[in-house]
Each structure stands twice: as structure tokens, then as C-alpha cells.
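Structure assessment
So the chains spell out like this:
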Amino acid sequence: MADTTTPPEKKTVIVYKRPLAPDLMAQLEQRFTVLDFTCVTDLTEDADFLEALPRAHGLIGASVKLDRELLARAERLEAISSISVGVDNYDIAYLNERDIVLCHTPDVLTETTADTAFLLILSAARRGVELANMVRKGEWTESVKEPQFGVDVHHKTLGIVGMGRIGQAIGRRAKFGFGMTVNYHNRSRHEIVEQELDATWLEFETLLERSDIVCVTVPLSDATRKMFDQKAFETMGAECIFVNISRGGVVDEPALIEALQNGTIRAAGLDVFETEPLPADSPLTRLDNAVTLPHIGSATHETRFAMAELAVQNLIQSLQGDRPQAPYNWDALDRG
Ligand SMILES: NC(=O)c1ccc[n+]([C@@H]2O[C@H](COP(=O)([O-])OP(=O)(O)OC[C@H]3O[C@@H](n4cnc5c(N)ncnc54)[C@H](O)[C@@H]3O)[C@@H](O)[C@H]2O)c1
Ligand SMILES: O=C(O)[C@H](O)CO
């Protein structure tokens, strides 16, 4: 007898902002109806995206603030798969209320992001960008003299704020690659890390006082928002280099600009900003002692592919009703 049962309707997935490699896209298309919004710049204002949201069971992408108001339109939403480890773009309390699983991409980007931290540390300390620009502009007319010298990184004291996955990877580079002394501030102490890196946990202010270089790797949250303010920069002092690989929101940006302009701190290496892309008229784009990167912490071919691959797996598993490989809020959900 012919099978007259209708096959179950395919779930709908929206891919936004981050284009996926063809084989990853194919994995989604085999299972779901896929709506591709990766070419839309201003997603939250896009009429087609807003119209598609109520049909979506899953969202996969990054770099867009998905707030409560926007998500309320997505009545059928079961899972969000963020192609990032940071989850500050999502209203997690609201996702928990609605039993929507949020997945992210920890671990696969840790080493690359730690490399980027060292790119910033070295560039800021050795004035790499400023002096390279001098060469490019044809201004290298005599040998570099003392006013243009940088400062050493090796054997200095590094203060890591947020000794998580990335903080630890930065600490290993510092300790074993550069012979640095590593101190850290974190919500909780990590005794194994303390042994491995011979690192000391310090109160936030003490850490700032004792550091030649401060590197921030905390997530953005209510507790960390603007934790680097005028007082923090004053505590770091005139020789200190400040490196931010976390989120722009952890810094009071006008206070940082003032600290760089006044010599309250020596220099900054920044991958992240309060507003991204960094507005062209920001003083940070013009200060010689600010090295500014366009949020490329994880932006290598290998790592961005690994992140996308994990995010696709996370989404497939979530929409199949399985526990995904890297859920962020699993314990807060009914199925957790
Ligand atoms: N620039 C980039 O491209 C890039 C790339 C990856 C990650 N990041 C950022 O780095 C963050 C960290 O990533 P991770 O994988 O290391 O996360 P993680 O969770 O492993 O580490 C974060 C650490 O910060 C600590 N912490 C949290 N709140 C704190 C507070 N108020 N005071 C002190 N310590 C606190 C946590 O205890 C944890 O040890 C991400 O959330 C993201 O925002 C940026
Ligand atoms: O949180 C993250 O993963 C980065 O900021 C984006 O790669």
C-alpha cells in the first residue's frame, strides 16, 4: 500500500551576517529550509528579515544584537547558534524564559585570540604600527633615535584580567615564550593555573598597580561593564600598556582616550570598541600610542572555519532535540 503520510515539514533556519562555507551550508540545506541573510548589513532594519523571523526555528550567525524585542517576533525559535564565544549580544534571561537554547564556540578560537593579544602587546610596546607607518610614508630618513624607541616585553609583568580559556592561553605565551611574570584577577582562583604559570591572584587594583602590561579577557556583563575607567588607568600609571581583546564595553572609552592623550598610561592595543566598526572620527584612529585592530581576535581562515563548523553542528544537534556540543545556557533550560 502506498505511504500516504506527509513527511514532516522541514524546520527553517536563518543564516545571518557570517557567510558559511559551501559544505557547511549544504549540511544545513540537507536538513532545513535555509534563508540566507548574510548579505544584509543592517539586519535589524531589514523588512525581509523581520518578516522571516516568525518562521525561524533556528538562527546562526554573529555580530548582531538580538534583543528581547527582536526575538519576540521569532515565535517558533528553538535555538540560536552564535559563531562566537562571547554571548553579550543575546538577552539570555529572555532565552531561558522561552526555553531557547543558545550555543557558542568556545575553545576552537582560544589559541588564535591569544595570538592576537600578543600581536597587540608587541605592537603597542615596540610601536610597531607607528614606525611601520613612518616607513610607508617615506619618512624613514635617518636611523631611529631614542624618542622613537619602544619598551621590552620579555621579562616584564603581565596582569591578566579574566583567567579563563583565552586568559590562560595568553598566560602560557607570556610565561613560556617571553619569560614574563604573570599575575591575574578573576572571579575565582585557579590553583592549577597558578601552579602551571607560577601566577598570583591579586585584587583588581593591586593587579593594575603591579602590571607593566594589563590584558583584558573577561566577558562583557553587568559586572564588567566599564570596569576600566579613569581611576583604573590612573592606577596603572604612566609606564603601563593596556590591551583589550575582550569587548569594548568593559572600557570607559572617553576615559581611555584621555588617558592616552595625557600620558596617564603609555599605550593601548585594542581589538574591540564601544561602537563597532570604530567610527572614523574617533581619536583612537589618530593617536600614535593606540594600536587599533578591527575586531580580528579570531579572524584567521582556520579558526573562523572551525568556529562555523562547530556552530553548524551545534544548530543541527539543537534542532534535532539533542544536547549540542557547546551550549551556553543548557543548565537553565527545562531540558538541561
Ligand atoms: N576579540 C575577539 O575577537 C574575541 C575573541 C574571542 C573571545 N573574545 C572575548 O573574550 C571573552 C573571554 O573568552 P573565554 O573563552 O576566555 O571565556 P571564559 O569564560 O573561558 O573566560 C572568562 C573569564 O573571566 C572571568 N570573569 C568573568 N566575569 C568576571 C569579573 N566580573 N571579574 C573577574 N573575572 C571575571 C571568568 O571567571 C572566566 O575565568 C569572551 O566572552 C569574548 O567577549 C573576544
Ligand atoms: O566572541 C567572539 O568569539 C569574538 O569576539 C568573535 O570572534
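Residues numbered from 1 in each chain as written. Chains lettered and ligands numbered in written order. Predicted model: local features only at pLDDT ≥ 70, side-chain atom pairs only at ≥ 80, totals over all residues.

For the protein chain, an unreviewed UniProt entry supplies the name D-glycerate dehydrogenase and the organism Larsenimonas suaedae. According to the UniProt record, the Sequence similarities (unreviewed entry) comment for the protein chain is "Belongs to the D-isomer specific 2-hydroxyacid dehydrogenase family." (UniProt positions renumbered as here; feature names shortened; annotations may be inferred.)

The subject of this paragraph is the domain arrangement of the protein chain. According to the domain assignment, the protein chain contains domain 1 (12-107 + 301-332) and domain 2 (110-292). Each of domain 1 and domain 2 has a C-alpha centre, and these two points are 31 Å apart. Across the contact, five residues belong to domain 1 and six residues belong to domain 2. (Domains from an automatic or database assignment. Contact = placed C-beta atoms within 7 Å.)

Turning our attention to the site of ligand 2. The local shell around ligand 2 consists of Ser 84, Val 85, Gly 86, Leu 109, Gly 297 and Ser 298. Its residues placed into classes, the shell around ligand 2 shows two nonpolar, four polar and no charged. (Near = placed C-beta within 6 Å. Nonpolar A, V, L, I, M, F, W, Y, C, P; charged D, E, K, R; others polar.)

Right, let's get into the UniProt feature "domain: D-isomer specific 2-hydroxyacid dehydrogenase NAD-binding" (unreviewed entry) in the protein chain. Summarizing the sequence annotation, UniProt attributes the feature "domain: D-isomer specific 2-hydroxyacid dehydrogenase NAD-binding" (unreviewed entry) to residues 119-297 in the numbering used throughout. Helix makes up 35% of residues 119-297 and strand 15%. Its end C-alpha atoms lie 10 Å apart. (Helix = DSSP H or I, 4+ residues; strand = E, 2+ residues; numbered from the N terminus.)

The next subject is the pairing of strand S6 (residues 157-161). Across the five residues that make up S6, a large majority, four, are buried. Sheet topology note: the S6/strand S7 (residues 181-185) ladder contains five bridges and is parallel. Residue Gly 159 lies in a different strand from S7, and its bridge partner there is Asn 183. With helix H7 (residues 165-178) bridging S6 and its parallel neighbour S7, the resulting β-α-β unit is right-handed. (Buried ≥ 20, exposed ≤ 12 C-beta atoms within 10 Å, placed from the backbone. Pairing = 2+ DSSP bridges. Right-handed = clockwise from strand over helix to strand, strands pointing away.)

Glycine aside, negative phi is the norm for most residues, and most peptide bonds take the trans geometry. For the bond running from Glu 276 to Pro 277, omega is -5 degrees, close enough to zero to count as cis. Along the chain, the position of Pro 277 falls in the loop between strand S11 (267-270) and strand S12 (290-292). The residue Asp 107 is not glycine, and still its phi comes out positive at about 70 degrees. In this structure, Asp 107 sits in the loop between strand S5 (101-103) and helix H5 (110-126). The backbone phi angle of His 295 is positive, close to 45 degrees, even though this residue is not glycine. Secondary-structure assignment places His 295 in the loop between S12 and helix H12 (301-319).

As a matter of local geometry, ligand 1 sits amid 29 residues, with Gly 86, Gly 162, Gly 164, Pro 219 and Gly 297 nearest to it. At three residues, H7 tops the list of elements feeding residues into the shell around ligand 1. For the shell around ligand 1, the per-class residue count stands at eleven nonpolar, 14 polar and four charged. Composition of the shell around ligand 1 by domain shows at least three residues from each of domain 1 (12-107 + 301-332) and domain 2 (110-292).

Read from one edge of the open sheet, seven strands run S8-S7-S6-S9-S10-S11-S12, paired in parallel fashion. In this open sheet, the two edge strands, each paired with only one partner strand, are strand S8 (200-201) and S12. As judged from the four bridges shared by S6 and strand S9 (residues 213-216), these two strands associate in the parallel manner. Within the sheet, the bridge partner assigned to Val 161 lies in S9 and is Val 216. On top of the sheet, H5 reaches S9, strand S10 (241-244), S11 and S12; it is set at about 155 degrees to S10, its chief contact. (Axes fitted to C-alpha atoms, helices over the stretch in contact; angles between N-to-C directions.)

Before going further, it helps to examine the nonpolar core. Ranked by size, the top nonpolar core spans 51 residues in total, and within it Ile 121, Val 214, Cys 215 and Val 243 carry the most contacts. Per-element accounting of this core gives the leading share, seven residues, to H5. When neighbours within four sequence positions are excluded, Val 243 is seen to be in contact with Ala 117, Leu 120, Ile 121, Ala 124, Ile 213, Val 214, Cys 215, Val 216 and Gly 269. Within the second largest apolar cluster, 39 residues are counted, among which are Val 13, Ala 56, Ala 74 and Leu 319. (Core = buried A, V, L, I, M, F, W, Y, C linked by C-beta atoms within 7 Å.)

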